[in-house]
Amino acid sequence: MTELLLQQAINWITLGSIYALLALGFSLIFGVLNVIHFSHGDVAMTAPFIALAGAQALAAVLGAAAPAWLALAVIAAVFAVGLIGVVLDKAVIRRFRDAPAMMALVATVALGIVIRELIRHLYPQGSNPHAFPRLIGGVAFDVAGVPVSWFALAVVGLTALLVGLLFGFLHLTPIGLRIRAASQDRVVARMMGISDGRVFRATFLMASSIGAVAGLLFASYAGVTRFDFGVMAGLIGFSAAVIGGLGSMPGAIVGGLIIAGIEVLAQTFVPEGASYRLVFVFMLVIAVLIFRPAGLLGRTILEKV
Amino acid sequence: MNHPASRVVPRAAAAAATTILLQISGAAFVYAILSAEEGWQVVALLGLLGFGFYLLERLPWINDVVVALLARVPVVTTATAAVIVLGFPFLVGSNTYILHLLIVAQLYAVLALALNFQLGSANIPNFATGASYGIGAYVSALLAVNFNVSFWLTLPVAALAATLFGFVIGIPCMRTRDTYLALVTIAFAVVVHQLLNNFEWTGGPNGLVGIPAPTLFGHSFADPIEVFGWTLPSQANFYYLAAAVVIIAVITARRLHESHIGLAWNALRADEMAAKAQGINVAWYKVLAFAVDAFLAAFAGTIYAFYVSYISPDNFTFLVSVTIMTMVIVGGMDNIFGVIVGAFLLTILPEKLRAFSDYRLLIFGVIVIGFLMIRPEGLFPQRLRHYGVER
Amino acid sequence: MSALLAVENVTMRFGGLVALDNITFFMEKGSVLAVIGPNGAGKSTLFNVVTGVYRPTAGRVKFDGVDITGMPTHEVVRRGVARTFQSSRLFRDLSVLDNVIVGMHTRASAGVLDVLFRPAVARRELATAVEKAEALLRESSGPLYEQRYRPAGTLAQADRRRLEIARALASQPKLILLDEPSAGMDDAETDALVADIERLRAQHPELSVILIEHDMRVVEAFPEHVMCIDYGRLIAGGRFEAVRANPHVQEAYLGTAAADA
C-alpha cells in the first residue's frame, strides 16, 4: 500500500508539474491581454511534432540517428514554438484584446482547430499517433523500494527552474516589470504607454516556449503524441489556471497540482477511476468556481461603480 | 432621426409582389446551391452570395427596405414562406441527400436559435448547448428503446429533463462571468460527454442503436409520404417535423425578443450593474436563458435521435457547441433571421467543400477566425426595436 | 420614526480602507438632500450601500420602514429606490426609448409563460410601456423624444444625463439617487437640469431626491438639506449656508483645491 501511494505521489508531482507549466502560459497571457488563448494547448503540443521532424531531418542530413540530434531538435522546438506563439499573437490573438470575452474564446478555439489540422496535414501520417521517446531514461534511486526515475526528477527540476527564471524575469528585468504592471492594471498600463508590441511579444515568447516544454514533457511522459492532444492539454491547462485564479502565477502552479492530484486519486482509489477521471476533474472545476468565482488565489475584483 | 425605411412607403400590392419575388428567389438560391454538383457551380453561387453580402454591407438601407417590405404585408409574407417550406420537398423530389442536408440545417437552426437567447441576447458564452442537445437525444432514445415510449411522449419528457439540466448549469453561472462562466459551461459539457461515454446504460462509446421511427395516425415516419399522386421519400417526414420545430423556435424567439424579457437580457448584456439598478434580477434572467436554450436544444436532440436512429456521445461533443456558437456569430447575434442563415450556411457550406473534403475543418477554422476579425457583428447585425407605426 | 430613508451607523471597509465611517442620517418623504465632498470622499459608496451594491461592514439601512441592509439591488429598486451613475451607464446599444422601457422593468407583470402563451397580454403591456416611456421622454428638457430611436451610446453628454434620469424615473420610485447629474453639462444645461428637478418635485410631491453634486449652483438651488462627507466621515450637515460656512468643510475643499492646483 505504501509503495502504491509513493508511486502515485511521484506520478502526481510529475503530472502536476507538467500541468502547472501549461497553466502558467494561460495565466501569463490572460494577465497581459485579458484574453483566454484557448489554443495555447494546441500550440504547446506542436512541440513534440517539431522535435520529431527536426530529429528526422538532422538524421537524414547528417547520417545515422543519434540521441544528440533529438536533444538538439528538442531545444530547437522550444524556440520554434515560442516564435509560433509570437506570430499567432500578432496575426490573430492581439486583435481580440478589446472584444467581448466570448469572441476571443471562439476565435482561439477556431485557431486551435486550424493548428491541429495543420499538424495533421503537414506531418507525414499526421492523423496517426506517433511514438515519442523518454527524453531521459533510467532510475535515479529507490525510496522504500519504489524507484524514482531520472525523468520524474528532471520534470520537477525543470519546472522549478523555469518557474524561478520566470519569477526572476518578471521581477528583475524592465520588460518583466512592465508585463506585471500591464497585468495588474490594464488602464494604468495603457495610460503609461506600456501596451506596446514588446510586452506582447515577450509574453507570448515566454508563455509559448514554457508551453512547448510542457508539451514535450507530456509526450515524453505518455510515450506518444497525437495531433489532437492539444484539446485536452488546453482544457486542463485552462482549468488549472482558472482554479488557481487567472493572472496569478502561484495560482497556476497550485491549480496544476490540484488537477493532477484529482486525476491520480481517481485512478488509484475509484474503481474504473481512469475512465471517469475527467468527470472528477471538471466536477472539481465547477465546485471551485461556485464557491470561489475568482479562483483559489485570484483576487476578487470589486466592480467600480 | 430619419429612419431609412420611412423613405419608402410602398403600396400594398407592390409590396406583396416584391415580397413573393424575394422569397422565391431566396428559395431558388438555396435549391441551386443544394443541387450544385460541379465545383464551378458551387464557386459561382458562393461568389453570388458573397456579392450579395457585399452589397448589403455597402448599401445597408437595402436591409431596412426589405424588412419594411416584409412587415408591410405580413400575411403575404407568412403565406409565401409557408408555401415554400411545404413545397420544397416536392421540388427536391427523390434526392434524399438534399433532404438530409435540409433536415440537419433545420436542426442546427433550432440549436442556433436556442443558443441565441444566451449568446446573442444576453452575451452569455454557453459551451454546453451541445450537452443539452445530447441530453435531449439520449433521454428520448432511452425511453423509446427501453420502454417503447412513443416519440410524441418522449419529446416533452426530454425537453423537461434538458430544461432541468439548464437550470443546474445556470445556478453556478449566477456568480460567475465571462471567461469563468465559459469555463463552467465547458466543464459541464465535458462531464456530460464523459458520462455518456462511460455509463453502461447509455451504451458507452457505442451509443444507442435501433431507435424506432415515430408514427403519426398510423403513418410510420420510415415510410414514404404519398399525396395527390406524388411520392416523397421517407426523409420528408423528418423534414416537415424539423420545419415545425424551427417554426416553434422562431415564434418562441420572437415573442421573447419582443417582450420585457428580451429587453432585460439585452440590458444585462450591455451593463450588468446598470441592469440591476433597473430592478432586473440578473441571476434569474441568466438562469432563464439557460433553461430556454436547453428546452429548445432538447427538441432538436429528440428529432435527431429518431431521425438517424443511432446516437453516440461523439454526436454531442464540445466541438458541436462551438459549431453552434459559430453559426450564431456568423449569422448575426440577436438577429433571428441572421441566426437561421448562419445555421444553413455553415451546414451546407462544408458539404459543398467536399472537393477539399480533407481540408474542410481547416477551411472552417480559417473562415471563423476571418469572420470574427473582419465582421464580428455577423452577416445580419442586430436591429434596434421599433414600436407602433414604424413597423 | 417615520423617515423614508434611515441610514444608521453605516461603516464600509474595503480591506484596510475605510470608505464610510459611522454615517447616520435620516430623510423625510418629499425632501431633497444634497451630498457634497471632495473626490474619493465616499459619496458614491454611500449610494452603493443604499442600493445594495455593497453590503455595509456595519450599520443598517432602512427604507420605508423596512430593513434593506444587504438586500440585492434589484429588490431594493423594486421597493422604490432608483439611481443614476456617476459615469452614466446607459444601455449603449439599445435605443433611447428602450432604455426607458427597461427602466420600467419592475412595473412589468407578465411572466415568461404569459409572454410565450398569451402574447396579446404581453403585447398590450409593452404597448402601454411604450406610451409611458414616450411621455417621459417628451417631458425631459432635452430633445430626447426626437432621438428616441437612436442608440443611447450615440447621444451627446448632456442628453445621456437626462436619459439616465428619465430611465430612473420610469420605475416610479419613491427615492431617486442622482450621482453628479450635472457632470459634463454647460451652464445653460445645468440651469435646465435644476429646472427639471424642480418640476419633478412639483409633479411628484412625495418623491425624495438625493443629489451628489460638485456644482455649487445646483446645491444652492436645493439649500434645505446639505451634508458634507470627507474621508468617509460626515463632517457637516444642515442648511447650505451653514454647511458652506463650516470651517471643516472649507478646509476639506480648500485642501483639495490647493492639492489640485
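Residues numbered from 1 in each chain as written. Chains lettered and ligands numbered in written order. Predicted model: local features only at pLDDT ≥ 70, side-chain atom pairs only at ≥ 80, totals over all residues. Heavy atoms only, no water.

Trainee: Got a sec to walk through the overall build of chain C? Specific residues and values, please.
Mentor: Check the secondary structure of chain C and you find 10 helices and 10 strands. For chain C, the C-alpha radius of gyration of 19 Å lies close to 18 Å, the compact-globule estimate for 261 residues. In terms of principal-axis extent, the alpha carbons of chain C reach across some 60 × 40 × 35 Å. Here chain C, with 261 residues, has 55% of them falling under the buried criterion. Look at the contacts in chain C between residues 6 or more apart in sequence, and 67% of them connect residues 24 or more apart. Entry remark: accessible area of chain C is about 11,100 Å², with carbon and sulfur atoms responsible for 52%. For chain C, the separation between the mean place of its 30 positive charges and that of its 33 negative charges on side chains is 7 Å. (Helix = DSSP H or I, 4+ residues; strand = E, 2+ residues; numbered from the N terminus. Rg over C-alpha atoms; globule rule 2.2 N^0.38 Å. Buried < 20%, exposed > 50% of the residue type's maximum accessible area, 1.4 Å probe, protein only. Contact = heavy atoms within 4.5 Å. Areas by Shrake-Rupley, 256 points an atom, 1.4 Å probe, with all protein chains shown as cover. Lys, Arg positive; Asp, Glu negative; His and termini not counted. Charge placed at Lys NZ, Arg CZ, Asp CG, Glu CD.)

Trainee: With reference to specific residues and values, describe the packing of helix 11 (residues 249-269) of chain A against helix 12 (residues 273-291) of chain A.
Mentor: All names here are of chain A. The N-to-C vectors of helix 11 and helix 12 enclose an angle of 145 degrees; their axes lie 8 Å apart at closest approach. Considering only the axes of helix 11 and helix 12, their crossing is right-handed. The residues of helix 12 that touch helix 11, namely those facing Ile-258, Ile-259, Ile-262, Glu-263, Ala-266 and Gln-267, are Gly-273, Ala-274, Arg-277, Phe-280, Val-281 and Leu-284. Of the residues assigned to the contact of helix 11 with helix 12, the class counts are 8 nonpolar, 2 polar and 2 charged. (Axes fitted to C-alpha atoms, helices over the stretch in contact; angles between N-to-C directions. Left-handed = near helix turned anticlockwise from the far one by under 90°. Nonpolar A, V, L, I, M, F, W, Y, C, P; charged D, E, K, R; others polar.)

Trainee: So what's going on with the domain arrangement of chain B? Which residues, and what values?
Mentor: All names here are of chain B. Segmentation of chain B into domains returns domain 1 (1-92) and domain 2 (95-375). Between domain 1 and domain 2, the C-alpha centre-to-centre distance is 26 Å. The interface of domain 1 with domain 2 comprises 15 residues on the first partner and 17 residues on the second. Together domain 1 and domain 2 conceal approximately 1,600 Å² of surface at their shared face, both sides included; 77% is due to carbon and sulfur atoms. At the surface where domain 1 touches domain 2, the tally comes to 3 residue pairs in polar contact (both at pLDDT 80 or more). Listing elements by their share of the side of domain 1 that touches domain 2, those giving two or more residues are helix 1 (12-35), helix 2 (39-58) and helix 4 (74-92). Class assignment of the residues belonging to the side of domain 1 that touches domain 2 gives a composition of 13 nonpolar, 1 polar and 1 charged. (Domains from an automatic or database assignment. Buried area = accessible area lost by both parts, 1.4 Å probe. Polar contact = N/O pair within 3.5 Å; in protein donor to acceptor, adjacent residues only side chain to side chain.)

Trainee: Can you break down the packing of aromatic side chains residue by residue, with the values?
Mentor: Counted under the stated rule, the structure contains 25 aromatic pairs over all chains. Where Tyr-138 of chain B meets Phe-316 of chain B, the ring centres are 6.1 Å apart and the plane angle is 70 degrees; that geometry is what we call edge-to-face. Taken together, the residues span a long stretch of sequence, with Tyr-138 of chain B in helix 6 (residues 129-147) and Phe-316 of chain B in the loop between strand 6 (310-311) and helix 13 (318-331) at a distance of 178 residues. With a relative accessible area of 3%, Tyr-138 of chain B lands in the buried category. Judged by relative accessible area, which is 4%, Phe-316 of chain B ranks as buried. An aromatic cluster of at least three residues, connected via ring pairs, comprises Phe-151, Trp-152, Phe-221, Phe-238, Phe-306 and Tyr-307 of chain B. The ring of Phe-227 of chain A is capped by Arg-120 of chain A, whose NZ or CZ atom sits 5.7 Å from the centre of that ring. One Lys or Arg, Arg-89 of chain C, reaches over the ring of Phe-85 of chain C and ends 5.4 Å from the middle of that ring. (Phe/Tyr/Trp six-rings, centres within 6.5 Å; stacked < 30°, edge-to-face > 60°. Lys NZ or Arg CZ within 6 Å of the ring centre and 35° of its normal.)

Trainee: So, empty space enclosed by the protein: which residues are in play, and what are the values?
Mentor: All names here are of chain C. Under the definition given, this model contains 5 cavities of 30 Å³ or more. In this structure, the largest cavity encloses a volume near 180 Å³. When residues of the lining of the largest cavity are traced back to their parent elements, those giving at least two are helix 5 (119-139), helix 6 (157-169) and helix 7 (187-203). (1 Å grid on protein atoms, 1.4 Å probe; cavity = no way out; pocket = protein on both sides within 12 Å on 5 of 7 lines; lining within 4 Å. Points joined across faces, edges and corners; volume = space filled by probe spheres on them.)

Trainee: So what about the environment of Leu-296 of chain A? Which residues, and what values?
Mentor: Residue and element names in this part refer to chain A. Position of Leu-296 relative to the elements: it lies in the segment after helix 12. Separated by 50 residues in sequence, Leu-296 and Leu-246 place their C-alpha atoms 9.5 Å apart. In this structure, Leu-296 is in contact with Ile-243, Gly-244, Gly-245, Ile-258 and Val-288, ignoring residues within four places of it in sequence.

Trainee: Can you break down a nonpolar patch on the surface residue by residue, with the values?
Mentor: All names here are of chain A. The grouping of Met-1, Leu-4, Leu-5, Leu-265, Phe-269, Val-270 and Phe-280 at the surface amounts to a nonpolar patch, some 650 Å² of accessible area in total. Relative to the helices and strands, Leu-4 is located in helix 1 (residues 2-33). Under the relative-accessibility criterion, Leu-4 is labelled partly exposed at 40%. (Patch = residues over 30% accessible without salt bridge, like charges linked within 9 Å, V, L, I, M, F, W, Y side chains within 5 Å. Salt bridge = Lys/Arg side-chain N within 4 Å of Asp/Glu carboxyl O.)

Trainee: Would you mind going over helix 8 (residues 178-198) of chain B in detail, with residue names and values included?
Mentor: The end-to-end C-alpha distance of helix 8 of chain B, which contains 21 residues, comes to 30 Å, matching closely the 30 Å that a straight helix rising 1.5 Å per residue would cover. With 17 of 21 residues buried, helix 8 of chain B lies mostly within the body of the structure. (Expected span 1.5 Å × (residues − 1).)

Trainee: Please give an account of the side chain of Asp-89 of chain A that cites residues and values.
Mentor: One can find Asp-89 of chain A in helix 4 (residues 67-91). When near neighbours in sequence (up to four residues on either side) are disregarded, Asp-89 of chain A contacts Leu-33, Arg-94, Phe-200, Arg-201 and Phe-204 of chain A.

Trainee: Could you give an account of the sheet that holds strand 6 (residues 81-83) of chain C, with specific residues and numbers?
Mentor: Residue and element names in this part refer to chain C. Spatially, the 6 strands line up as an open sheet ordered 6-7-8-3-9-10, and their pairing is mixed. Across the chains shown, the open sheet's two edge strands, defined by having one partner strand only, are strand 6 and strand 10 (233-238). Within this sheet the neighbouring strands show an average axis-to-axis angle of 20 degrees, counted without direction. In terms of strand pairing, strand 3 (residues 32-36) meets strand 8 (residues 208-212) through 4 bridges, oriented parallel. Among the inter-strand pairings, Ala-34 is bridged to a residue of strand 8, identified as Leu-211. Helix-sheet contacts for helix 1 (residues 43-50) involve strand 3, strand 6, strand 7 (175-179), strand 8 and strand 9 (225-230), and the interaxial angle to strand 7 is about 150 degrees. (Pairing = 2+ DSSP bridges.)

Trainee: Describe in detail the interface of chain A and chain B, supporting the description with residues and values.
Mentor: Contact with chain A, which involves 44 residues of that partner, is made by 42 residues of chain B. Across the interface of chain A and chain B, roughly 3,900 Å² is buried in total on both sides, 81% from carbon and sulfur atoms. Across the chain A-chain B interface, the total number found is 0 salt bridges. The interface formed by chain A and chain B includes 1 residue pair in polar contact (both at pLDDT 80 or more). Secondary-structure elements contributing two or more residues to the side of chain A that touches chain B are helix 5 (101-122), helix 10 (229-244) and helix 12 of chain A. If you tally residues by element for the side of chain A that touches chain B, the top one is helix 5 of chain A, at 16 residues. Across the side of chain A that touches chain B, the residue classes tally to 36 nonpolar, 3 polar and 5 charged.

Trainee: Describe the environment of Ala-181 of chain A, with residues and values.
Mentor: Residue and element names in this part refer to chain A. Mapping Ala-181 onto the fold places it in helix 7 (residues 174-184). Taking the relative accessible area as the measure of exposure, Ala-181 reaches 27% and is therefore partly exposed. Separated by 62 residues in sequence, Ala-181 and Ile-243 have C-alpha atoms that sit 23 Å apart.

Trainee: I'd like to hear about the nonpolar core, residue by residue, with values.
Mentor: One finds Trp-265 and Ile-311 of chain B to be the most contacted residues of the largest nonpolar core, which totals 271 residues. Sort the elements by how many residues they give to this core and helix 5 (residues 96-122) of chain B lands first, with 18 residues. Counting contributing residues, this core receives three or more from each of domain 1 (1-92) and domain 2 (95-375) of chain B. Setting aside anything within four residues of it in sequence, one finds Ile-311 of chain B in contact with Ala-137, Tyr-138, Ala-141, Asn-206, Gly-207, Leu-208, Ile-211, Tyr-304, Ala-305 and Phe-316 of chain B. Of all hydrophobic cores here, the second largest spans 29 residues; its members include Val-7, Tyr-54, Met-71 and Met-227 of chain C. (Core = buried A, V, L, I, M, F, W, Y, C linked by side-chain atoms within 4.5 Å.)

Trainee: Go over unusual backbone geometry with me, naming the residues and quoting the values.
Mentor: Here the phi dihedral of Gln-125 of chain A falls at roughly 50 degrees; this positive angle occurs in a residue that is not glycine. Following the sequence through the fold, Gln-125 of chain A ends up in the loop between helix 5 and strand 1 (130-131). Phi is positive for Asn-123 of chain B, which is not a glycine, with a value near 55 degrees. With respect to the element layout, Asn-123 of chain B can be found in the loop between helix 5 and helix 6. Classification of Asn-123 of chain B by relative accessible area gives partly exposed; the value is 25%.

Trainee: Report on the packing of helix 3 (residues 46-62) of chain A against helix 4 of chain A, specifying residues and quantitative values.
Mentor: In a packed pair of helices, the relevant descriptors are the angle between the two axes and the axis-to-axis distance. All names here are of chain A. The contact between helix 3 and helix 4 brings their axes to 8 Å, and the two run at 135 degrees. Comparing their axes, helix 4 and helix 3 come out oblique. Where helix 3 crosses over helix 4, the two elements pack in a sense that is right-handed. Within the contact between the two elements, helix 3 uses Thr-46, Ala-47, Ile-50, Ala-51, Gly-54, Ala-55, Leu-58, Ala-59 and Leu-62 and helix 4 uses Trp-69, Leu-70, Leu-72, Ala-73, Val-74, Ala-77, Ala-80, Val-81 and Ile-84. Each residue belonging to the contact of helix 3 with helix 4 can be placed in one class, and the counts come to 16 nonpolar, 2 polar and no charged. (Parallel < 35°, antiparallel > 145°, perpendicular 65-115°, else oblique.)

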